[in-house]
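An overview of the molecular structure
Single-letter residue listing:
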Amino acid sequence: MTLDLSKFAAEKGVKYFMISYTDLFGGQRAKLVPAEAIADMQKDGAGFAGFATWFDLTPAHPDLFAVPDASSVIQLPWKKDVAWVAADCMMEDQPVEQAPRVVLKKLIAEAASEGLRVKTGVEPEFFLISPDGAKISDEYDTAEKPCYDQQAVMRRYDVIAEICDYMLELGWKPYQNDHEDANGQFEMNWEYDDALQTADKHSFFKFMVKSVAEKHGLRATFMPKPFKGLTGNGCHAHISVWDLDGKVNAFADREMPFGLSAKGKTFLGGIMKHASALAAVTNPTVNSYKRINAPRTVSGATWAPNTVTWTGNNRTHMVRVPGPGRFELRLPDGAVNPYLLQAIIIAAGLSGVRSKADPGPHYDIDMYREGHTVTDAPKLPLNLLDALREYEKDAELQQALGMEFSNAYLKLKQGEWNSYCAQFTAWEHQTTLDV
Ligand code: ADP
Ligand code: MG
Ligand code: MG
Ligand code: MG
Ligand code: MG
């Protein structure tokens, strides 16, 4: 039974709906629709000029309609007059195949046709910084090893507790909040869920963290590497696959090494096989490659991978199996599009399951110290262009996400890379002036 948004508004005292969709670059786009007008919008969607956002569309295209998925509705805990609702993009009554939420729903349906239900949890790290973005917001947060800093997390208690209270109120089952490994960096964790629900929550979490930070006169950033020398913002994903009724974890097998079942290993095999191409989505910005491939940070480790390897409970690899029945992909960063993250995990994993892919050997070593001894594992892309070329070479992954999406994504991201290359930097002036 579809929830009637008009009734929802009357019951909850909602005055406006924020009908929100996510474009190819992860931008959240919305219209504020008064409750009086929601009944028609729930059916037909809110109209947008798609070209005005990050899609491969022209100004001549017909209207893009964002049709709310009522099951995703959330009354803003910090502004009860407004309710956010995730929307699916339609054009002339057809789904827009390049739209991230549409891509994800297609892959979830494909997994279901194989009897699989993917559940994931994400860890979107963020910094609390000054409103102008120039520095971290807490001038006393200067420790060399600031991870779990008790004093520093309490100096931001008002922000962190407010966000956590909202997650409790929304029933997300948050269970811990901490100061992370960089000065000014925090992480908040809540319980894993089905891939679409996690993607919606991940989107809403970013919106909520930014909104609450602004309310307190600060700014929150999920930028992959906002400050040179400090650990960057990861967005690790923990992944498990279940039967269709969500009761039996198909990844759990306590008899197997690390408690990861044979099926789980083939899913992981798909992730390993497609890792370099996957980076085009999990590490989608120029700045992303300053987080992976980074030199050692002030704290002693980057906590980010640079090579395609996996292992047990060891955080120096691209994939960690922290315990039975799931694995952690440590590659994605804070810039990742919440919907495309889930979509590409399912696409690569399904490819592995279908081809019974072998993830290869696990290296139970400290990759930061001994990584040079691993000679037969691919290095992750060194920059965005590298990653886009890997994606372009990976026909199977491109098709799994859909050619309309893949072509649009490659075209727009190539444009971003070209725009970056057109910059004249202080570094090149300095190093080239006297040649
Ligand atoms: P760590 O920092 O050790 O990687 P966190 O506790 O910060 O771990 O995050 C773990 C994430 O993994 C949470 O979102 C949690 O809900 C999720 N998770 C736990 N078990 C599973 C599972 N079986 N399947 C998917 N996600 C899981
Ligand atoms: Mg207008
Ligand atoms: Mg964590
Ligand atoms: Mg972390
Ligand atoms: Mg983690």
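The numbering scheme is per chain: residues are counted from 1 as the chain's sequence reads. Each chain is given a letter, starting from A, and each ligand a number, starting from 1, according to the order in which they appear as written. Local features in a predicted model are, by the rule used here, given only for residues with pLDDT of at least 70; side-chain atom pairs are given and counted only at 80 or more, and totals for whole chains, interfaces and linings are based on all residues. As a rule here, side-chain values come from all non-hydrogen atoms in the structure, and water together with hydrogens is ignored.

Per an unreviewed UniProt entry, the chain carries the name Type III glutamate--ammonia ligase and comes from Agrobacterium salinitolerans. Quoted verbatim from the Sequence similarities (unreviewed entry) heading of the UniProt record, the comment on the chain is "Belongs to the glutamine synthetase family." UniProt positions are given in the numbering used here, feature names are shortened, and annotations may be inferred rather than shown by experiment. Its UniProt record, at the heading Function (unreviewed entry), says of the chain: "Catalyzes the ATP-dependent biosynthesis of glutamine from glutamate and ammonia."

**Description of the pattern of salt bridges**
Salt bridge, as used here, is a side-chain nitrogen of Lys or Arg placed within 4 Å of a carboxyl oxygen of Asp or Glu. Enumeration according to the criterion identifies 22 salt bridges in this entry. Salt-bridge contacts for Asp 40 lead to Lys 43; the nearest nitrogen and oxygen are separated by 3.7 Å. Here Lys 43 and Asp 40 lie together in helix 2 (residues 38-44), a separation of 3 residues that amounts to about one turn. Among the ionic pairs, Asp 56 bridges to Lys 411, the shortest N-O distance being 2.9 Å. Here Lys 411 lies in helix 13 (residues 403-421) and Asp 56 lies in the loop between strand 3 (46-48) and strand 4 (64-68), a separation of 355 residues in the sequence. Under the relative-accessibility criterion, Asp 56 is labelled partly exposed at 26%. Ionic contacts of the salt-bridge type, sharing partners, join the residues Asp 69, Asp 88, Arg 101, Lys 105 and Asp 200 into one network. Secondary structure elements are defined from DSSP: runs of H or I of at least 4 residues count as helices, runs of E of at least 2 residues count as strands, and each element is numbered from the N terminus. Burial classes: relative accessible area under 20% of the type maximum marks a residue as buried, over 50% as exposed, and values in between as partly exposed (1.4 Å probe, protein chains only).

**Focus on the packing of aromatic side chains**
Between 30 and 60 degrees the pair is tilted, below 30 it is stacked and above 60 it is edge-to-face, where a pair is any two Phe, Tyr or Trp rings, Trp via its six-membered ring, whose centres lie within 6.5 Å. Inspection of the entire model under this criterion finds 23 aromatic pairs. Ring geometry for Trp 417 versus Tyr 420: centroids 5.3 Å apart, planes at 55 degrees, classification tilted. Taken as a pair, Trp 417 and Tyr 420 lie in helix 13 at a separation of 3 residues, close to a single helical turn. Classification of Tyr 420 as partly exposed rests on a relative accessible area of 35%. Put simply, the rings of Trp 78, Trp 84, Phe 126, Tyr 166, Trp 172, Phe 186, Trp 190, Phe 204, Phe 205, Phe 207 and Phe 222 pair up and form one aromatic cluster. Cation placement over rings: the criterion is NZ of Lys or CZ of Arg within 6 Å of the ring centroid and within 35° of the ring normal. Taking NZ or CZ as reference, Lys 31 lies 5.3 Å from the ring centre of Phe 48, over its face. When the ring centre of Phe 222 is taken as reference, the NZ or CZ atom of Lys 206 above it lies at 5.3 Å.

**Comments concerning the coordination of the magnesium ion (ligand 4)**
Distances decide who is a donor: an N, O or S atom must be within 2.8 Å of the metal, or within 3.2 Å for Na, K and Ca. Water is not included, so sites may look incomplete. Around the magnesium ion (ligand 4), the protein contributes the donor atoms Glu 125 (OE), Glu 180 (OE) and Glu 187 (OE), at 2.0 to 2.4 Å from the metal centre. Positions of the donor residues of the magnesium ion (ligand 4) along the chain correspond to the pattern E-x54-E-x6-E. Separating the magnesium ion (ligand 4) from the magnesium ion (ligand 3) is a distance of 3.9 Å, and Glu 187 supplies a donor atom to each of them. Here Glu 180 lies in the loop between strand 10 (174-179) and strand 11 (185-190) and Glu 125 lies in the loop between strand 8 (117-124) and strand 9 (126-129), a separation of 55 residues in the sequence. The residues Glu 125 and Glu 180 share a single accessibility class, namely buried.

**Structural notes on the UniProt feature "domain: GS catalytic" (unreviewed entry) in the chain**
Sequence positions flagged by UniProt for "domain: GS catalytic" (unreviewed entry) are, in local numbering, residues 100-435. In residues 100-435, helix accounts for 42% and strand for 14%; the two terminal C-alpha atoms are 46 Å from one another.

**Quick word on unusual backbone geometry**
You will see that Asp 93, though not glycine, has its phi angle at about 65 degrees, which is positive. Relative to the assigned elements, Asp 93 resides in the loop between strand 6 (82-91) and strand 7 (94-95). You will see that Asn 293, though not glycine, has its phi angle at about 65 degrees, which is positive. Relative to the helices and strands, Asn 293 resides in the loop between helix 8 (275-282) and strand 15 (310-311). A relative accessible area of 25% means that Asn 293 is categorised as partly exposed.

**A look at the site of ligand 1**
Here, proximity means that at least one heavy atom of the residue falls within 4 Å of the molecule or strand. If you check the shell around ligand 1, you find 18 residues, and the closest are Glu 123, Tyr 175, Ser 240, Arg 320 and Glu 328. For the purposes of these results, a polar contact is taken to be a pair of N or O atoms within 3.5 Å, where, inside protein, one atom must be able to donate a hydrogen and its partner to accept one; residues adjacent in sequence count only when each atom of the pair is a side-chain atom. Within the side chain of Asn 189, one N or O atom sits 3.0 Å away from an oxygen atom of ligand 1. The contact in question runs from an oxygen atom of ligand 1 to an N or O atom on the side chain of Arg 315, over 3.1 Å. In isolation ligand 1 offers 580 Å² of accessible surface; the protein chains occlude 85% of this area. Counting only elements with at least two residues in the shell around ligand 1, the list comes to strand 8, strand 10, strand 11, strand 14 (235-242) and strand 17 (326-329). Residue burial considers only the protein chains on display, and all accessible areas are found by Shrake-Rupley using a 1.4 Å probe.

**Describing the sheet that holds strand 11**
What makes two strands pair is DSSP finding at least two bridges between them. Taking strand neighbours across the sheet as the criterion, the 4 strands line up as 10-11-9-13 in an open arrangement whose pairing is antiparallel. Bordering the open sheet on either side are strand 10 and strand 13 (219-221), each of which pairs with just one other strand. Looking at each pair of strands side by side, their axes are set apart by 30 degrees on average, direction ignored. Note: strand 9 against strand 11, 2 bridges, orientation antiparallel. Across the sheet, the residue bridging to Phe 127 is Gln 185, located in strand 11. We call two residues contacting when some pair of their heavy atoms lies within 4.5 Å. Lines fitted to C-alpha atoms define the axes here, with helix axes fitted over just the stretch in contact, and angles between the N-to-C directions of these axes take values from 0 to 180 degrees. Helix-sheet contacts for helix 5 (residues 157-170) involve strand 9, strand 10 and strand 11, and the interaxial angle to strand 11 is about 15 degrees.

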